[in-house]
Amino acid sequence: MFVVIRFKVGESAQVEFAERLAAAVEVLSRQKGFVAARTGRNVDDPELLALSMEWENVGSYRRALSPYEVKMVAVPLLSQAVDEPTAYESLEPAHLP
């Protein structure tokens, strides 16, 4: 499964935000079930940043948010995300109804 989390961040705050984002990815990458992550900026709206992560399954992702270190480093940053659903299942045939 994969996660897409978007953030609205003013251009003047992006350097500091990118440092916090890198720290969040680092701590999340050490959690069981983590597969990959990438970050980026929207090409049409430079204030819209995204974090995309891949996890073995939704349970791994949700459990990864529980450890103390994640709550201290990643959760405060994730709480600044655009308020929208973030977890997606693949549309590969094995996951379709």
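Residues numbered from 1 in each chain as written. Predicted model: local features only at pLDDT ≥ 70, side-chain atom pairs only at ≥ 80, totals over all residues. Heavy atoms only, no water.

1. Side note on the packing of aromatic side chains
- Scanning the model with the defined rule gives 4 aromatic pairs in all.
- Taking the centre distance of 5.8 Å and the plane angle of 50° together, the rings of Trp55 and Tyr61 count as tilted. In terms of burial, Trp55 and Tyr61 fall into one category: buried.
- One aromatic cluster is present, built from ring pairs that chain together Phe34, Trp55 and Tyr61. (Phe/Tyr/Trp six-rings, centres within 6.5 Å; stacked < 30°, edge-to-face > 60°. Buried < 20%, exposed > 50% of the residue type's maximum accessible area, 1.4 Å probe, protein only.)

2. Overview of the side chain of Gln14
- Mapped onto the secondary structure, Gln14 falls in helix H1 (residues 14–29).
- Within polar-contact distance, the side chain of Gln14 engages the backbone oxygen of Val9 at 3.0 Å.
- Once residues within four sequence positions are removed from consideration, Gln14 is found in contact with Val9, Arg41, Pro46, Glu47 and Leu49. (Helix = DSSP H or I, 4+ residues; strand = E, 2+ residues; numbered from the N terminus. Polar contact = N/O pair within 3.5 Å; in protein donor to acceptor, adjacent residues only side chain to side chain. Contact = heavy atoms within 4.5 Å.)

3. Description of the nonpolar core
- Counting 22 residues, the largest nonpolar core has Ile5, Phe7, Leu51, Met53 and Trp55 as its most contacted members.
- For this core, the elements supplying multiple residues, two or more each, are strand S1 (2–8), H1, strand S3 (48–55), helix H2 (58–64) and helix H4 (75–78).
- Among the elements that make up this core, the one with the highest residue count is H1 (6 residues).
- When neighbours within four sequence positions are excluded, Met53 is seen to be in contact with Met1, Phe2, Val3, Ile5, Leu28, Ala36, Ala37 and Tyr61. (Core = buried A, V, L, I, M, F, W, Y, C linked by side-chain atoms within 4.5 Å.)

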